[in-house]
Amino acid sequence: MSIRIKVIMPYFLLTLAVAIVGTYVVTRLVASSLSERLTNQLLEAGRVVSDGMARQEIKHLETARLVAYTRGVAEALSGGDAPAASALAEPVAAGLDTESLVLIDRQGQEILHLIRQADGSFQRIAVPSGISALAIVQDLLATGDPKAMPRRGIGQHPADGRYYYFTAIPVAAQFGMTGVVIVATSLDTLLPYLKSMALADVVFYGEQGQVLATTLVGQLSDGDGLAQLSIAPDAYQEALLASNMIGGENFTLQGRWYSLARSALKVGNERLGVFSTVLPLNFVLQAGSASRNTYVLIFAVAMAAVVTIGYGVSRLITVPLGQLVRTSQAITGGDLSQRTGLRSKDEIGVLAATFDEMTANLEARTAELQKTYHTLEQIDQAKSSFITLAAHELRTPLSLIKGYTEMLNQDNELDPDLATLAHGVLDGTKRMVEVVDGMLDISRIDSQTLEIAPALFNAGMLLERVRGEFARALELRSLSLNTQSLFELPPMVADPEQLYKVFYHLIMNAIKYTPDGGVITVTGRMVSDNVAAPEIEFAVQDTGIGIDPQHQEPIFEKFYQLGEVQFHSSGKTKFKGGGPGLGLSIARGVIRAHGGRIWVESPGRDDVHCPGSCFYVRIPFKAGPG
Ligand code: ADP
């Protein structure tokens, strides 16, 4: 994960979490406060409906009383003078905003029955309509009490089948009740009036819980809608007896959600039935979803801002870091001239400045080292040139000396003392020739002009040649040279003359650095496990003084030798005799030219206990043809 994402991610996740929780909480708060408001409105509407009913009742009573107390009405009723009673009552009803007026005499006969038409005029209903059978009328007539309390109720009008709210009072004369006045308002008129005051739809229920009338006008004709609005008789009874309004279940009607509250329809102390106030829920839902949308938008904007800020902040960190990374990669790639160029005062700035300083130091140090290396290279070059030159210059006179001394040596008539001297000179000369040859080998290795002439040979035979070379020295020094499993090795293809030199130097060193009586063992083996191509490995183990670990690498460099200078002229096979420091360098050059490697293993140097050294030579094995 890139550092940019690591910086932005926590910001983003945190904001997302806050956004989700925030939107949820706020929406819930808004929704619950809105639904609380809705409930309050329903309750308030319920109160207003009750007030409206009370007012309607007062209007009914006023109208009924005006009719009942109109002079002559009571008498006309008691006297059975129906036309007179009608003639007196009708103008009163017309002057008031009465929807329906009925006059009934003491015997329950309908004297007058008026119902207002849509055009405002009264329709006179042919009597009898059957309205006197209403319970409230029968009840009043049964009391016969002219001071009886008014009766009221909701019921179906026998004349037009519609539901009405009726109020009935006795008509009193001096001698008692002479009839009953009924004032009625249809629910179709009453409910819109109640709705207009309550600002909520209203539903009136019958005793079975069925809907008698509702202002949810559109649904009136819709049988299903009405059936859906109906309530169970239990719920009706519960609402009828409850002292407060009861919340009902929310419901849908023609795709809209509504909430309602039910209550007993009380007029005075009487409970005439049950009604509901109904309000659409959509304003709650809409407000809820509007607020949710608003908050989602706010949080989305906030989130975008946070991500942008996070991105900006991350850039403040990642841009310099990227610069640092690029510079360090360039430096790793070898371009030490690169600098970060960052100059800020923060931690990254300090890091970058330190890094630049380090790089500058490194560059200066590297330049110094390069200069020194160059100088050393030049010196080495000069040394190599000198060696080559010296070797070539020395070779010719040495050949002459060697030639003459050999001639002298072969002269049989020579004085014995002179013969001994000539022999000594010859030995010294051979040694010098060897040293000069070594110098020439080194100069070829350095100039990479050493030529390898591959031939098929047997390693055992090669080692026997070397043994022959050192037979006298081994005998003098009481050293034994063991060769093991060399003849069992398959014949190999390599430059036998060059490899001869390698073993020559290795065995000469083993002789030189092993005290008298020691053992030198040369072994060989094929190495074919875990290597791509088979190799052949030789080991020259001695019981000599050993080599300290810190010298085990550099002894392969030319002129590197640990021997003490005073022993140098003591002979090439003398214990700790020393030498020019070329043997191992030549051996390494030859082995490398064969594509192999040479190394030494030794526990360390100890001239007393002689832990020994073991030189390993490993070269790719090439078998002969067939
Ligand atoms: P030279 O023998 O002429 O000094 P070489 O290159 O052959 O040079 O060897 C380098 C040095 O390695 C020697 O001076 C000697 O100190 C050390 N060395 C080589 N072979 C052995 C050995 N078998 N045991 C201990 N030291 C050795």
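Residues numbered from 1 in each chain as written. Predicted model: local features only at pLDDT ≥ 70, side-chain atom pairs only at ≥ 80, totals over all residues. Heavy atoms only, no water.

J.: Sorry if this is basic, but what is going on with the overall build of the protein here?
T.: Scanning the protein from N- to C-terminus turns up 13 helices and 19 strands. Relative to the globule expectation of 25 Å for 626 residues, the C-alpha radius of gyration of the protein, 65 Å, shows a markedly less compact shape. Seen along its three principal axes, the alpha-carbon backbone of the protein occupies a region of about 205 × 55 × 45 Å. Relative to its 626 residues, the protein shows a buried fraction of 43%. The long-range fraction of contacts in the protein, counting pairs at least 24 apart against all pairs at least 6 apart in sequence, stands at 64%. As displayed, the protein has an accessible area near 33,100 Å², and 58% of this comes from carbon and sulfur atoms. Across the protein, 52 positive and 64 negative side-chain charges occur, with their mean positions spaced 4 Å apart. (Helix = DSSP H or I, 4+ residues; strand = E, 2+ residues; numbered from the N terminus. Rg over C-alpha atoms; globule rule 2.2 N^0.38 Å. Buried < 20%, exposed > 50% of the residue type's maximum accessible area, 1.4 Å probe, protein only. Contact = heavy atoms within 4.5 Å. Areas by Shrake-Rupley, 256 points an atom, 1.4 Å probe, with all protein chains shown as cover. Lys, Arg positive; Asp, Glu negative; His and termini not counted. Charge placed at Lys NZ, Arg CZ, Asp CG, Glu CD.)

J.: Can you walk me through the pairing of strand β17 (residues 535-542) in this structure?
T.: Consecutive residues of a regular strand have side chains that alternate between opposite faces of the sheet. In terms of burial, β17 is a largely internal element, 7 of the 8 residues being buried. Relative to β17, strand β16 (residues 519-527) runs antiparallel, the two sharing 8 bridges. Directly across from Val 522, in β17, lies its bridge partner Val 540. Pairing of β17 with strand β19 (residues 614-620), which is carried by 7 bridges, proceeds in the antiparallel orientation. (Pairing = 2+ DSSP bridges.)

J.: How should the site of the ligand be read in this particular structure?
T.: Surveying the vicinity of the ligand reveals 20 residues, the closest of which are Asn 509, Lys 512, Asp 542, Gln 561 and Gly 581. Asp 542 places a polar side-chain atom, nitrogen or oxygen, 2.8 Å from a nitrogen atom of the ligand. Protein contacts shield 98% of the accessible area of the ligand, which totals 520 Å² for the unbound molecule. If you list the elements that add at least two residues to the shell around the ligand, you get α12 (496-512) and α13 (583-593). In terms of residue class, the shell around the ligand is built from 10 nonpolar, 8 polar and 2 charged. (Near = heavy atom within 4 Å. Polar contact = N/O pair within 3.5 Å; in protein donor to acceptor, adjacent residues only side chain to side chain. Nonpolar A, V, L, I, M, F, W, Y, C, P; charged D, E, K, R; others polar.)

J.: When you look at the sheet that holds strand β2 (residues 110-116) in this model, what are you seeing that I'm missing?
T.: By way of backbone hydrogen bonds, the strands of a sheet pair with one another, either parallel or antiparallel. Overall, antiparallel pairing links the 6 strands, which are arranged β3-β2-β1-β6-β5-β4 in an open sheet. Looking at the sheet topology across the chains shown, the edges are occupied by β3 (122-124) and β4 (151-156). Looking at each pair of strands side by side, their axes are set apart by 25° on average, direction ignored. Relative to strand β5 (residues 163-173), β4 is paired through 6 bridges, and the arrangement is antiparallel. Within β5, the residue paired with Arg 152 across the bridge is Thr 167. In this fold helix α5 (residues 187-198) packs onto β4, β5 and β6 (176-186), with an angle of close to 60° to the strand it touches most, β6. (Axes fitted to C-alpha atoms, helices over the stretch in contact; angles between N-to-C directions.)

J.: Is there a simple way to explain unusual backbone geometry in this structure?
T.: In this model, Leu 199 sits at a positive phi of 55°, which is unusual for a non-glycine residue. Looking at the secondary structure, you find Leu 199 in the loop between α5 and β7 (201-205). We classify Leu 199 as exposed; its relative accessible area is 69%. Despite not being glycine, Ser 478 has its phi angle at roughly 50°, a positive value. Mapped onto the secondary structure, Ser 478 falls in the loop between α11 (459-476) and β14 (480-484). Residue classification places Ser 478 among the partly exposed positions, given a relative accessible area of 48%.

J.: Can you walk me through the packing of α12 against α13 in this structure?
T.: A pair of packed helices can be characterised by two numbers: the angle between their axes and the separation between those axes. Direction vectors running N to C along α12 and α13 enclose 150°, while the axes themselves pass 9 Å from each other. Seen along the crossing, α12 lies across α13 with a hand that is left-handed. Facing α12, whose interface residues are Gln 498, Leu 499, Val 502, His 505, Leu 506 and Asn 509, α13 presents Gly 583, Leu 584, Ile 586, Ala 587, Val 590 and Ile 591. Split into classes, the residues belonging to the contact of α12 with α13 amount to 8 nonpolar, 4 polar and no charged. (Left-handed = near helix turned anticlockwise from the far one by under 90°.)

J.: Help me understand the packing of aromatic side chains in this model?
T.: Pairs of aromatic rings are described using the distance from one ring centre to the other and the angle between the two planes. Following the criterion strictly, the structure yields 8 aromatic pairs and no others. Ring geometry for Phe 204 versus Phe 275: centroids 6.4 Å apart, planes at 55°, classification tilted. Here Phe 275 lies in strand β12 (residues 270-280) and Phe 204 lies in strand β7, a separation of 71 residues in the sequence. The pair formed by Phe 204 and Phe 275 is uniform in burial state, with each residue classed as buried. Stacked on the ring of Tyr 500, the Lys or Arg Arg 465 has its end atom at 4.1 Å from the ring centre. A cation sits over an aromatic face here: Arg 597 above Trp 599, 4.3 Å from the ring centre. (Phe/Tyr/Trp six-rings, centres within 6.5 Å; stacked < 30°, edge-to-face > 60°. Lys NZ or Arg CZ within 6 Å of the ring centre and 35° of its normal.)

J.: Got a minute to help me understand a nonpolar patch on the surface in this structure?
T.: A grouping of Val 21, Tyr 24, Val 25 and Leu 29 is seen on the molecular surface, where their side chains present a nonpolar patch of about 400 Å² in accessible area. Positionally, Leu 29 belongs in helix α1 (residues 3-69). Accessibility expressed as a relative area gives 55% for Leu 29, which makes it exposed. (Patch = residues over 30% accessible without salt bridge, like charges linked within 9 Å, V, L, I, M, F, W, Y side chains within 5 Å. Salt bridge = Lys/Arg side-chain N within 4 Å of Asp/Glu carboxyl O.)

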